[in-house]
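Read off the chains here:
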Amino acid sequence: MLSKKQSQLPIFVINNSSFKSSFFFIIFLTAWFFFLFYWLPPTNPKHISHHRTHHLIGNHVIDNHVRRQPFSVYIYDLPPEFNLGLVKNCHHLNVYTDMCPHVANHGLGQPLEHINAVSPGCWFATHQFIAEMIFHARLENHPLRTWDPSRATLFYVPFYGGLYASSNFRETNLTARDDLAVRFSEFLKSQPWWQRANGKDHFVVLGRTAWDFMRATSGPDFGANNLLNLPRVQNVSVLTVERNPWRGSNQHGIPYPSYFHPSTSSQMLTWQQKMRLSERPHLFTFIGAPRKGLEKAAVRDELIKQCGESTRCKLLTCSNGSGASNKCYSPSEILGVMSKSQFCLQAPGDSFTRRSTFDSVLAGCIPVFFSQHTAYTQYAWYLPQDAEEYSVYINGEEGNNARRKRIEDELMKMPRNRVEKMRNKVIDLIPRVTYKHPNASDDGEFEDAVDVALAALANHVRSLLGRELLL
């Protein structure tokens, strides 16, 4: 029994050994907490607003059918003549330019120095018609890749059709021009997994516009081959930087690659914040060259004229050739002008679409379109259905409508708060139209152009074949 004196002692003195154990355990937990806090800081860079973090998470949730409806992608191992064999002959891949510098680094091209000191190692002089190589490289290391074709939802066939097409634009013998396309079609027919759904679960990626693979039976010959006219290839889903709005039911638009290829979400967030804080003294800008002999030339010429006459417009006129004197081939010049402008005019060029559209998104510059087919009928997987959320449309397809409307007046009418909201939306779109570096780890915080395409394509294939066939 305890003595009277002992019974009057505080309980923590009586249970002295228990107290010591608890005391040292609390000290240990406290020390461990401070170690985690100071030595393992958050991966997000400092000074990043909650708005941006919410967007990346929000973007992840919007496209979270990647997780909700699991799928996998099998990559065909093609004979080299369809891809890597073409790259080895890089000096002859394009009748206009030497492609060897552009196919380097898995298609990213040559690294760019000093374009952005905040995120070094993310910037490359990427060719606008090289998406097929970048897509292939991304899928090689993609977490959704499967090596077992029996478990695949999608079958990717890495044919570098765009590089082949550009190497044969001047081939006058149509049989020779179509030769590799025909052999590609025959290869598909011989594959056992083609038979499972007659190719409807297969897809290819083309880095050039659909027009380069849909030679017309009449009219002028612009050098196109016949790949997308082949009946067997029409069963395949075709991902291309420009689809045919009228005959492209199996074609899906994907972004032109720009110059930014981050490896981490931190690099992406840093760039987005830089664009949000960028001062924009120019109301609008136009970057481009005049066109001759095309219906679209009149609109483009009018934009150059109006921009040149306005004190609120920054005009960067392109000259012929790709030398150092042509600033239109300098990514730092292009992004420098766009990041200081509120609106970027996107006139059609040789075709409806432009890589410049995605350069302007990257720079946080609100695109102004003059044709429905420059973006609205092209990139449904990537851009909001409500075009007014992120862009301005001035109809340039109805005669001289673009001439009648003074662009500066149209843009000046827009309330400042609406412009700010549109610009934030454009900057929010940057992750989903960007191609990550092929060596990027899957940090799960943002989905790039490849992730968006795969998720949308899986849904598309399920709708074609029926869910029970693939699950």
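Our structure's up above, just so we're on the same page.
Residues numbered from 1 in each chain as written. Predicted model: local features only at pLDDT ≥ 70, side-chain atom pairs only at ≥ 80, totals over all residues. Heavy atoms only, no water.

Caption draft 1: Spatial organisation of empty space enclosed by the protein. Applying the stated criterion across every chain, the model contains three cavities of 30 Å³ or more. The space that makes up the largest cavity amounts to roughly 50 Å³. What lines the largest cavity is simply Ser 258, Phe 260, Phe 358, Leu 362, Val 433, Thr 434 and Tyr 435. A per-class count over the lining of the largest cavity returns five nonpolar, two polar and no charged. (1 Å grid on protein atoms, 1.4 Å probe; cavity = no way out; pocket = protein on both sides within 12 Å on 5 of 7 lines; lining within 4 Å. Points joined across faces, edges and corners; volume = space filled by probe spheres on them. Nonpolar A, V, L, I, M, F, W, Y, C, P; charged D, E, K, R; others polar.)

Caption draft 2: Fine view of the sheet that holds strand E4 (residues 145-146). Reading across from one edge, E4-E1-E5-E6-E7-E8 is the order of the six strands in this open sheet, with parallel pairing throughout. The open sheet has two edge strands with one neighbour each: E4 and strand E8 (251-253). Here strand E5 (residues 154-156) runs beside strand E6 (residues 202-206); their pairing, made up of two bridges, is parallel. Bridging across to E6, Tyr 156 finds its partner in Phe 203. (Pairing = 2+ DSSP bridges. Helix = DSSP H or I, 4+ residues; strand = E, 2+ residues; numbered from the N terminus.)

Caption draft 3: Representation of helix H12 (residues 297-309). Its 13 residues give H12 an end-to-end C-alpha distance of 18 Å, which sits within 8% of 18 Å, the value for a rise of 1.5 Å per residue. Taken as a whole, H12 has its buried residues at Ala 297, Val 299, Arg 300, Glu 302, Leu 303, Ile 304, Gln 306 and Cys 307. (Expected span 1.5 Å × (residues − 1). Buried < 20%, exposed > 50% of the residue type's maximum accessible area, 1.4 Å probe, protein only.)

Caption draft 4: Molecular detail of the side chain of Gln 378. Examined against the element boundaries, Gln 378 turns out to sit in the loop between strand E12 (366-369) and strand E13 (392-393). Among the polar contacts listed, one links the side chain of Gln 378 to the backbone oxygen of His 373, at a separation of 3.2 Å. Not counting residues within four places of it along the chain, the set of residues in contact with Gln 378 comprises Glu 242, Arg 243, Pro 245, Gly 253, Thr 353 and His 373. (Polar contact = N/O pair within 3.5 Å; in protein donor to acceptor, adjacent residues only side chain to side chain. Contact = heavy atoms within 4.5 Å.)

Caption draft 5: Up close: the environment of Asn 424. Topologically, Asn 424 is positioned in helix H17 (residues 416-429). Separated by 35 residues in sequence, Asn 424 and Glu 389 have C-alpha atoms that sit 9.6 Å apart.

Caption draft 6: Representation of H17. The terminal C-alpha atoms of H17, which comprises 14 residues, lie 20 Å apart, in line with the 20 Å expected from a rise of 1.5 Å per residue. The set of residues buried in H17 consists of Val 419, Met 422, Arg 423, Val 426, Ile 427, Asp 428 and Leu 429.

Caption draft 7: Quick look at the pattern of salt bridges. Going through the model one piece at a time under the given rule, you end up with 19 salt bridges. A salt bridge links Asp 409 to Arg 406; the shortest N-O distance between them is 2.8 Å. By relative accessible area, Asp 409 is classed as partly exposed at 36%. Under the relative-accessibility criterion, Arg 406 is labelled partly exposed at 41%. Among the charged side chains, a network of salt bridges with common partners joins Arg 312, Arg 406, Glu 408 and Asp 409. (Salt bridge = Lys/Arg side-chain N within 4 Å of Asp/Glu carboxyl O.)

Caption draft 8: Examining the state of the cysteines more closely. Across all of its chains, the model carries four disulfides by this definition. Between Cys 90 and Cys 100 runs a disulfide, and the two sulfur atoms are separated by 1.9 Å. Looking along the S-S bond of the Cys 90-Cys 100 disulfide, the torsion reads about 90°, which is the right-handed sense. Of the two residues, Cys 90 is situated in the loop between helix H6 (84-88) and helix H7 (100-103) and Cys 100 in helix H7; the sequence distance between them amounts to ten residues. Cys 100 shares its class with Cys 90; the two are buried. Here Cys 318 pairs with Cys 328 through a disulfide, and the sulfurs are 1.7 Å apart. Taking the torsion about the S-S bond as the criterion, the Cys 318 to Cys 328 disulfide, at about -90°, is left-handed. Here Cys 318 is found in the loop between strand E10 (313-317) and helix H13 (331-338), whereas its partner Cys 328 is found in the loop between E10 and H13, with ten residues between them in sequence. The buried category is assigned to Cys 318, whose relative accessible area is 15%. Of note for the chain: the bonded cysteines, numbered N- to C-terminal, pair according to 1-2, 3-4, 5-6, 7-8. (Disulfide = S-S within 2.5 Å.)

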